[in-house]
Amino acid sequence: MSHAETVSRDTHTLTDPPSAASSLIYRVDVVPKNPDQADTVDLPGVGPVPCYPVYWFSSPVPIDSILDTLARQALIDPVVQTYHLSQADTAQWLDLSTWPQPIDWIMEQQFLPGVTDNLATTVGKSLSLLFSDQALPAISVASGTVYLVPKTSFSPDALYQQAQYQLFNPLVQRLSVYPASQWQAHATSRFGFPHVMAPQVPPVDVIPLDVNDADLLALSQQRHLALTLDEMKVIQTYYQAPSTQQARKAKGLSLWPTDVELEIIAQTWSEHCKHKIFAAKITYTDASDPDYPRVTQIDSLFKTYIAGATKKLMPTRPDLLSVFKDNAGVVQWNDTTAVCFKVETHNSPSALEPYGGALTGIVGVNRDILGTGMGAKPLFNTDVFCFAHPEKPYVQRPKMLPPEAILKGVRKGVEDGGNKSGIPTVNGALVFDQRYRAKPLVFCGTGGLLPLKVPQGLGYEKYTQPGDTIVMAGGRVGKDGIHGATFSSEALHEGSPVSAVQIGDPLTQKRLSDFLMAARDQGLITGLTDNGAGGLSSSVGEMAQETNGALLNLEQIPLKYPGLAPYEMVISESQERMTLSTNRIDDLLKLAAQYDVELSAIGHFHDQGTFDIQYNGTLVGSLDLAFLHNGLPQMELEAVWEVQKLPTIYARAPRSATPVLLKMLSHPNVCSRESLIRQYDHEVQGRSVIKPLMGPLQTGPSDAAVIQPILGEAQGLVVSNGICPHFSDWDPYHMAANAVDEAIRNAVAVGADPASMVLLDNFCWPDPVASPRNYDGRLKLAQLVRANQALYETAVTYGAPFISGKDSMKNDFDDGTYRLSIVPTLLISAMGKLPDIEKAVSMDFKRPGDVILMAGQTNVHMGGSLYYLVKGWYSRYCPHVKPHLAKALYQATFECIQQGLIRSCHDLSDGGLGIALAESALASPYGADISLDPILNDSPELRWDEALFSESPSRFVMSVAPEHVDAVKAAFQDIPLMVLGTVTADGAFTIHQHQKTVVRTDVSTLRKAWQTAPATCYNTEEPA
């Protein structure tokens, strides 16, 4: 059970819940009128278990009548539910004898102290609304769930183990298990608020650094600073410097750092915040030819390749307004509006607490958009997940959750974060690979709209000045999220801090979002940013660079509960918070009251060159901004690339491809995601044009999303992604090039102008820094170098600049016994313009008699293909992108779509031509009659099964009205374009080669295979 949610007429603040000794404790059980209709959850080994919600209330005075009113009007559905109100001292116990089956055990799930309890918050708000005309006593609220376990042979300990990660996560919740016969005896479990943090504030500690290297490194590990020995020694040297000591003595500070200062430095210097590996000096040796190794010196991967590509393209892209300097990249949309886009990862938190990790991932990236420029309105969400498949057996280790618990928790977290915020989820992907077993990848993206002009000036700039008040808006500060930035900067291990986990509150953030838009439009703020990684230490520390200084008063920070240490107040990553600057604090406070948003003035900005922290009038930290932001030593790393010696294993082509096509359609990486997609609202705000599922049956997987950013305007916004981590096993250069090509290809398929494309890069990599435990670190770093080289070359050729990005570099699990690293993974997100949404094209076949064409060149590179994976074959060659040829193809496709010549268009990716044809058919009522002969005649080196299942990039399947075929051919000219067959009315799906039928089935069979959840994952065995 969490801390309480205190309710009164004037405040909605969190306070320390009263103890049972000083308060009356009440309980409301919300139960079904007909127990046969109770909600149930499936507990493995037990079966369906009835469950119902329960609420606890604490008050210094009797509140029986208040709770009766609350229960009747807010807690129950009176048609199907009733409630039972109990009070600890005079308990009238709920009668369980009316339940249809005997109850053996009772389990009660509650949040742990300090964990956000969103349901309790909502109940507290309901109390305030119901009794708005009278003064309420302070009422603390907590929520939970009761599970009624029928007769079972399980012991209490066994039940607890079965319920772990199924009904509760011990990281954020607790579970009480006791016999039903002792229902009345468990007053403590049924009526007590758990203990909370002590109200005494821990003192500020001074951390002596006059110690040896071993002790410096131990200090970093013990405090979860995630700093290397070299970095600790730089800090040691800085504090030993006479100029530093003189300045500190003048301010009355200790000569060595306080814990407040050391923790702020650690958060600011974390890999998560500073991207140290991408900024490193790298000696890269290409030893693919061992007789002639080539050595390249790289000073920052980011500056050389990512920002380098954008810098080269800037003269041709005047629409780029703000790149790589704010919370999101900003691109001009029209004469009055700009759009922005950001994608973040929340991998490490999602590995420990999937629901909270994913929820804070999506609401966190929403805040990135809110904090871009002078504040942007969130417009859409995207989600891309990489998981281990739940059906596969895995090694079990402490700190490693069951794969099914991760999948379910992440899905629910993103759903709650997006749906409750009123932001549509329009695009995404789902990838399964056993190497994501320990570290799932959770990519959450958000795009937004912001005006080009605001009262202060340009909407994509910030205007914070010395003297402006520092304001914290939104949620309060708690112990959740302590060391979040440093925790995400290292491998997951047995000592990973549980305090890094957070649970967000999307409803609070929705009010905050609406308030910020109003404050921006009324000119009440001069700057803002989100409280994400590092909390106030990062947000205030970064904004302080605008004015060259800031003073933070810790005693003015609103807390969820007393007892937080000063350093915890500064670095906590508790959610739903933004940091603002204002020169109109009184007006801002009045506006916040209208939106029911808590606002606190917590300091001011100055120009003294320091980040100062006070607590109750005493200076507890003062950091030189130049050292804080520029004192981090640049890493120097070595990378060595050697070509992997891969085998080629295959057999003759099968007589019929029908069985393998159906098997591929039901593969986890291809099959329908409808059960996942339908959980997300892609219609809210009424802007979606091309939705995640299209066709008359709304079953076809769209290549990209099209939305209407400005209602009533013809111009559409296209959002797509590309991700193909399996090619990393061959060469991350080709993996990255394919990811870029796929993202742009998907966008062009629905009608995007390729000249308008902008890109975001999100790297998730295994640790690329060599060490005794990470013996292949130099190879992993070389893989990272090659991926970046590919990004530069493909982006420049396509004319698609990068506007934002993120990297997560420590995606490994290592508990000293078992080590598992993810496959090097790169997500490319793309955003572009469609001149007229009326001309948007979906992937489903439209009319019988339409001609089916394939655009693009098919080659024999089968490495990494789904076909070879399913067959158990292997090729040393993976698909290669030819960006110059692809660019011409994409331009021709766009022009044909603009002229209305193409009725359907679908990109070829996983499964190649066979899967693309099947998906275009199953999304419609129509079939297809296809010949592979044009492909085989053009490329005689291909076998027919290679022609059908090759995953060569830069290809489309199109359907075109017969009268438009010649016009399409003329538009493509020297670009490969082949007529393969026709759309048929009878629903038959046939593919031929040289008079032989190699696939014979029908659309309903294809659809059934695609919509059937796979029983197994066909990936190779888990590495040791």
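Residues numbered from 1 in each chain as written. Predicted model: local features only at pLDDT ≥ 70, side-chain atom pairs only at ≥ 80, totals over all residues. Heavy atoms only, no water.

Chemist: Any chance you could explain the pattern of salt bridges here in plain terms?
Modeler: Pairing of side chains with opposite charge becomes possible as their charged atoms draw close. Enumeration over the complete set of coordinates arrives at 37 salt bridges. Here Lys 462 ties to Asp 326 by a salt bridge, and the two come within 3.6 Å at their closest N and O atoms. With Lys 462 in the loop between strand S17 (457-458) and strand S18 (469-474) and Asp 326 in the loop between strand S10 (320-322) and strand S11 (329-332), this residue pair connects regions lying 136 residues apart in the sequence. Its relative accessible area of 21% is what places Lys 462 among the partly exposed residues. Of the charged contacts in the structure, one is a salt bridge between Lys 810 and Asp 767, with a shortest N-O distance of 3.1 Å. With Lys 810 in the loop between strand S32 (802-808) and strand S33 (812-814) and Asp 767 in the loop between strand S31 (758-764) and helix H23 (777-798), this pair connects stretches of sequence that are 43 residues apart. (Salt bridge = Lys/Arg side-chain N within 4 Å of Asp/Glu carboxyl O. Helix = DSSP H or I, 4+ residues; strand = E, 2+ residues; numbered from the N terminus. Buried < 20%, exposed > 50% of the residue type's maximum accessible area, 1.4 Å probe, protein only.)

Chemist: It is not clear to me how the state of the cysteines should be interpreted in this structure. Could you clarify?
Modeler: Defined simply, a disulfide is a covalent bond joining two cysteines at their sulfur atoms. With the rule as written, the count across this model stands at zero disulfides. Cys 764 provides the cysteine sulfur closest to Cys 444, a residue in no disulfide bond, and the two sulfurs are 11 Å apart. When its relative accessible area of 1% is taken as the criterion, Cys 444 is described as buried. Not engaged in a disulfide, the cysteine Cys 878 finds its nearest cysteine sulfur in Cys 724; these two sulfurs lie 9.0 Å apart. Accessibility expressed as a relative area gives 2% for Cys 878, which makes it buried. (Disulfide = S-S within 2.5 Å.)

Chemist: What exactly am I supposed to notice about the packing of aromatic side chains here?
Modeler: A ring pair, where both rings are aromatic, is described by two values, the distance of the centres and the angle of the planes. Enumeration according to the criterion identifies 18 aromatic pairs in this entry. Centroid distance Phe 341 to Phe 380: 5.2 Å. Interplanar angle 65°. Geometry classified as edge-to-face. Here Phe 341, found in strand S12 (residues 337-345), pairs with Phe 380, found in strand S13 (residues 377-387); they are 39 residues apart in sequence, far enough to count as distant. Residue Phe 341 is classed as buried on the basis of its relative accessible area, which comes to 0%. You can call Phe 380 buried: its relative accessible area is 1%. Their ring planes at 50° and their centres at 6.1 Å tell us that Tyr 867 and Tyr 868 sit as a pair that is tilted. (Phe/Tyr/Trp six-rings, centres within 6.5 Å; stacked < 30°, edge-to-face > 60°.)

Chemist: Please explain H23 as it appears in this structure.
Modeler: Since the α-helix turns once every 3.6 residues, residues separated by three or four places project in the same direction. Between its terminal C-alpha atoms H23 stretches 32 Å, which fits the 32 Å expected from 22 residues at 1.5 Å a residue. Across the 22 residues that make up H23, a large majority, 17, are buried. With its phi angle positive at about 70°, Gly 799 sits one or two positions after the end of H23. (Expected span 1.5 Å × (residues − 1).)

Chemist: Could you clarify how one ought to interpret unusual backbone geometry in this entry?
Modeler: One can expect most non-glycine residues to show negative phi and most peptide bonds to be in trans. A positive phi angle, close to 70°, is found at Tyr 165, a residue other than glycine. Overall, the relative accessible area of 25% leaves Tyr 165 in the partly exposed class. The phi dihedral of Phe 324 falls on the positive side, at around 60°, and the residue is not glycine. With respect to the helices and strands, the residue Phe 324 is situated in the loop between S10 and S11.

Chemist: Is there a simple way to explain the sheet that holds strand S36 (residues 851-855) in this structure?
Modeler: Two pairing modes exist for strands in a sheet, parallel and antiparallel, and in both the strands are linked by backbone hydrogen bonds. Spatially, seven strands are ordered S37-S39-S36-S40-S38-S41-S42 in an open sheet, and the strand pairing comes out mixed. In this open sheet, the two edge strands, each paired with only one partner strand, are strand S37 (904-907) and strand S42 (996-1002). Direction aside, the axes of adjacent strands within the sheet are offset by 20° on average. Bridge count for strand S38 (residues 927-931) against strand S40 (residues 977-984) is four bridges, and the pairing is antiparallel. Bridge assignment links Asp 929 to a residue of S40, and that residue is Thr 982. Contacts from helix H29 (residues 965-972) reach S36, strand S39 (956-960) and S40 within the one sheet, and its direction differs from that of S40 by about 155°. Set on the sheet, helix H30 (residues 1003-1011) makes contact with S38, strand S41 (988-993) and S42; between it and S42 the angle comes to about 70°. (Pairing = 2+ DSSP bridges. Axes fitted to C-alpha atoms, helices over the stretch in contact; angles between N-to-C directions. Contact = heavy atoms within 4.5 Å.)

Chemist: Explanation requested: helix H2 (residues 118-130) in the structure shown.
Modeler: The end-to-end C-alpha distance of H2, which contains 13 residues, comes to 18 Å, matching closely the 18 Å that a straight helix rising 1.5 Å per residue would cover. Buried residues belonging to H2 abut strand S3 (47-59), helix H1 (64-75), strand S6 (140-150), helix H12 (354-370) and helix H15 (506-521).

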